[in-house]
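A closer look at the structure
Here is what each chain is made of, one letter per residue.
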Amino acid sequence: THCVSGCICPHDRVLDGKGSCIAPEDCPCIHNGNSYSPGESIRVGCNNCTCRNRKWQCSEEPCLETCSVYGDGHYTTFDGKRFDFEGDCEYVLVQNYCGQQAMNQGTFRVITENIPCGTTGTTCSKSIKVFLGVSIFFNDGHTDVIQRAPGGKIPFQMRSMGIYLVVDTTVGLILMWDKKTSIFIKLSPSFQGHVCGLCGNYDGNGNNDFTTRSQSVVGNVLEFANSWKVSSSCPNANHTQDPCSANPYRKAWAQKQCSIITSEVFANCHSQVEPNEYYQACVDDACACDTGGDCECFCTAVAAYAQACNELDICISWRTPSICREFQPTTF
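Since we're looking at a predicted model, the values are computed, not measured.

Side note on the sheet that holds strand β7 (residues 55–58)
Across the sheet, three strands lie side by side as β5-β6-β7; this open sheet has antiparallel pairing. On the outer flanks of this sheet lie β5 (41–44) and β7, each paired with one strand and no other. Strand-to-strand twist across the sheet, computed as the mean angle between neighbouring axes with direction ignored, equals 35°. In this structure, strand β6 (residues 47–52) lies alongside β7, joined through four bridges in antiparallel fashion. In the strand pairing of β7, arginine 52 is matched with lysine 55.

Take a look at the structure:
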């Protein structure tokens, strides 16, 4: 009803938010708060998505989901549920001997052993056992393979990829191990809803991941995790004290070191992978590792966030000669 100072776009154009008028079909697509121009592509899981006419058009390839365990008992299930658990025992990470199938012949089982890694009662996963017709043992940077059926075909391939040892099996399971305390397990979509253990049931719903060995869905992480002990003679785990409260002299150092996760170094990943939970896990681990190897605990925690970013094709170059340097063997 009255004049207003400024400019507007012609009727067949829209404002792009940057002071220019563009055709509606040239509007960007939005993903996690970031704008992408028409024709630009991003990676979502294992699929490529391209911006066309303000909408994402994505391929629909079935993706392998990942379960991760690292440091001082930090778990992320196949369905993305995060929890912390510290138990001094062997536990089933994932298997397909579940429910009605438990009495039938399954194809694989992955077991991890947690041992103390600090004076506060914290535990870290230090050894892994994989059973899939043959037995593969990972411990203290070494690998042993025991073939149950002599002369049979070995159902896996083993290779190195950066800092990780990768086991690629024929049953649809891929295991990555950093030869220390980090384990990443990838499973084929064919196992959706057919696995159990600390990695959850892989049915796309994180709310029911706390399913015990007896197939009961519970809300308490201790009740859930203790049910997956391999040996009933192991004591049940209880809550341990906050490591930074137990070692207050380490807290400032831990917070300073771990701030790399929330810094500009990882800025490209922050909108894709929430950094604060990884930061807090890093601080806890850096406080807890008070019996030597404190820098190793810190580096493992940062590497876990870097790996989560890498899963989304966001590669961050964060290691430096002074921060978690990777030493390469020298040839003379």
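Further notes follow.
Structural notes on the nonpolar core
By size, the foremost hydrophobic cluster in this structure holds 46 residues, and its most contacted members are Leu93, Val94, Val110, Phe138, Leu175, Ile185 and Leu187. Once residues within four sequence positions are removed from consideration, valine 94 is found in contact with Phe78, Phe108, Arg109, Val110, Ile185, Leu187, Val195, Cys196 and Cys199. Grouped together as the second largest cluster of nonpolar side chains are 30 residues, Ile260, Val283, Trp318 and Cys324 included.

Focus on the state of the cysteines
Taken as a whole and assessed by the stated rule, the structure comprises eleven disulfides. Cysteine 46 shares a disulfide with cysteine 63; S-S distance 2.1 Å. In this structure, the disulfide formed by cysteine 46 and cysteine 63 twists by about -90° around the S-S bond and is classed as left-handed. Note that cysteine 46 is positioned in the loop between β5 and β6 and cysteine 63 in the loop between β7 and β8 (65–70), a separation of 17 residues in sequence. Assessed through its relative accessible area of 25%, cysteine 46 is described here as partly exposed. Given a relative accessible area of 17%, cysteine 63 falls into the buried group. Free cysteine: cysteine 315, not disulfide-bonded; nearest cysteine sulfur from cysteine 309 at 9.7 Å.

Details of unusual backbone geometry
Positioned with a positive phi, arginine 54 is a non-glycine residue whose angle comes to about 70°. In this fold, arginine 54 is placed in the loop between β6 and β7. Assessed through its relative accessible area of 51%, arginine 54 is described here as exposed. At glutamine 215, a residue that is not glycine, the phi angle is positive and equals roughly 70°. Here glutamine 215 shows up in the loop between β19 (183–187) and α1 (221–226). Under the relative-accessibility criterion, glutamine 215 is labelled partly exposed at 42%.

Here's the deal with the pairing of β19
Buried residues dominate β19, accounting for five of its five residues. Residues Ile183, Ile185 and Leu187 of β19 are buried on one face, and the alternating residues Phe184 and Lys186, pointing to the opposite face, are buried as well. For β8 and β19, the ladder comprises five bridges, and the chain directions are antiparallel. Along β19, the bridge assignment pairs cysteine 67 with isoleucine 185. By the bridge criterion, five bridges tie strand β18 (residues 173–177) to β19 in an arrangement that is antiparallel.

Points about the pattern of salt bridges
For the coordinates displayed, the defined rule picks out five salt bridges. Aspartate 313 is paired through a salt bridge with arginine 43; the nearest N and O atoms lie 3.2 Å apart. Remark: arginine 43 occurs in strand β5 and aspartate 313 occurs in the segment after α6 (294–311); sequence separation between them is 270 residues. With a shortest N-O distance of 2.9 Å, arginine 82 and glutamate 277 are connected by a salt bridge. Within this pair, whereas arginine 82 is found in strand β10 (residues 82–84), its partner glutamate 277 is found in helix α5 (residues 276–288), the two being separated by 195 residues in sequence. By relative accessible area, which is 45% here, glutamate 277 ends up partly exposed.

Cut-offs applied
- Residues numbered from 1 in each chain as written.
- Predicted model: local features only at pLDDT ≥ 70, side-chain atom pairs only at ≥ 80, totals over all residues.
- Heavy atoms only, no water.
- Pairing = 2+ DSSP bridges.
- Helix = DSSP H or I, 4+ residues; strand = E, 2+ residues; numbered from the N terminus.
- Axes fitted to C-alpha atoms, helices over the stretch in contact; angles between N-to-C directions.
- Core = buried A, V, L, I, M, F, W, Y, C linked by side-chain atoms within 4.5 Å.
- Buried < 20%, exposed > 50% of the residue type's maximum accessible area, 1.4 Å probe, protein only.
- Contact = heavy atoms within 4.5 Å.
- Disulfide = S-S within 2.5 Å.
- Salt bridge = Lys/Arg side-chain N within 4 Å of Asp/Glu carboxyl O.

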